[in-house]
Amino acid sequence: MAIAEQQASPQAAQASGDKTWHGIVLQTLKRNAISLIPYVPDRVLTPLIKNLHADPFFTTFATAREEEAVGVVAGAWMGGRRGAVLMQTSGFATLANVLASLAVPYQIPLIMFVSERGTLGEFNYGQSLVCRTMRPVLDSLALEHHTITRLDELEFIADRSIKQAVTTQAPVALILNPLLTGGKVFDK
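Analysis parameters
Residues numbered from 1 in each chain as written. Predicted model: local features only at pLDDT ≥ 70, side-chain atom pairs only at ≥ 80, totals over all residues. Heavy atoms only, no water. Helix = DSSP H or I, 4+ residues; strand = E, 2+ residues; numbered from the N terminus. Buried < 20%, exposed > 50% of the residue type's maximum accessible area, 1.4 Å probe, protein only. Contact = heavy atoms within 4.5 Å. Pairing = 2+ DSSP bridges. Axes fitted to C-alpha atoms, helices over the stretch in contact; angles between N-to-C directions. Parallel < 35°, antiparallel > 145°, perpendicular 65-115°, else oblique. Left-handed = near helix turned anticlockwise from the far one by under 90°. Salt bridge = Lys/Arg side-chain N within 4 Å of Asp/Glu carboxyl O.

Identification of the protein chain as Decarboxylase from Bradyrhizobium hipponense is taken from an unreviewed UniProt entry.

Colleague: Give me the lowdown on the environment of A100, citing residues and values where you can.
Modeller: Position of A100 relative to the elements: it lies in helix α7 (residues 96-103). The exposure class of A100 is partly exposed, given its relative accessible area of 41%. Sequence separation between A100 and S140 is 40 residues; the distance between their C-alpha atoms is 9.8 Å. For A100, the contacting residues outside a window of four places in its chain are P105 and L141.

Colleague: Residues and numbers for the sheet that holds strand β3 (residues 82-88), please.
Modeller: With respect to topology, 6 strands assemble into an open sheet ordered β2-β1-β3-β4-β6-β5, the strand pairing being parallel. Every other strand in the sheet has two partners, leaving β2 (59-62) and β5 (144-148) as the edge strands with one partner each. Across the sheet, the mean angle from the axis of one strand to that of its neighbour is 20°, orientation sign disregarded. Where β5 meets strand β6 (residues 172-176), 5 bridges bridge the pair, whose relative direction is parallel. Along β6, the bridge assignment pairs H145 with A173.

Colleague: With reference to specific residues and values, describe the packing of helix α3 (residues 21-31) against helix α9 (residues 151-168).
Modeller: Running from N to C, α3 and α9 cross one another at 25°; their axes reach a closest spacing of 10 Å. In terms of their interaxial angle, α3 and α9 are classed as roughly parallel. Seen from above, α3 lies across α9 with right-handed handedness. The residues of α9 that touch α3, namely those facing W21, I24, V25, T28, L29 and R31, are L151, L154, E155, A158, D159 and I162.

Colleague: Now, about the pattern of salt bridges: what can you tell me, with residues and values included?
Modeller: If charged atoms from side chains of opposite charge come close, those side chains can pair. Summed over all chains, the structure comprises 8 salt bridges. As a salt-bridge pair, E155 and R31 come within 3.1 Å of each other at their nearest N and O atoms. In this pair, E155 sits in helix α9 while R31 sits in helix α3, placing the two residues 124 residues apart along the sequence. In this structure E155 comes out as partly exposed when scored by relative accessible area, which is 35%. Among the ionic pairs, D159 bridges to K163, the shortest N-O distance being 3.0 Å. In this pair, D159 and K163 both sit in helix α9, 4 residues apart, roughly one turn of the helix. Residue D159 is classed as buried on the basis of its relative accessible area, which comes to 12%.

If you want it as structure tokens, here you go:
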């Protein structure tokens, strides 16, 4: 079901009431005034990225690296604007320094949506290794994080996590599990 949801066009998703994972994320971001969305391109996140680009509420653009996206969101927060970063698990692996030296000590409510790779049929051994480090890194930095596996829990967890991040001025990682998104599929 999740894979079919990914392939739906932005117009079809909006017409159907947007009960796709990416439609729910978009509406939750909008409801929480998160309008700046830098990202590193990712196949799993493509439906969300396309919908964000199509909505004039959002300023959405690709960055070269995840650290760059975090820097953009940190600067935006200091200037009074809210943002979120989109990335995949392997991109998260590059963030320990910027989280520990910028987001955490300067109390930036960095919202991270991470498409989880390295699990549930992963075909890339490197992704599997990197996936094992993500949660221990988050735990070692005492960062709030939630792994979302079900569509019926997505809106509640995302909405409450964003509100908590902004209120407490602390980063949060929302890990989008393949059970939710359909994951990345090996093309034969």
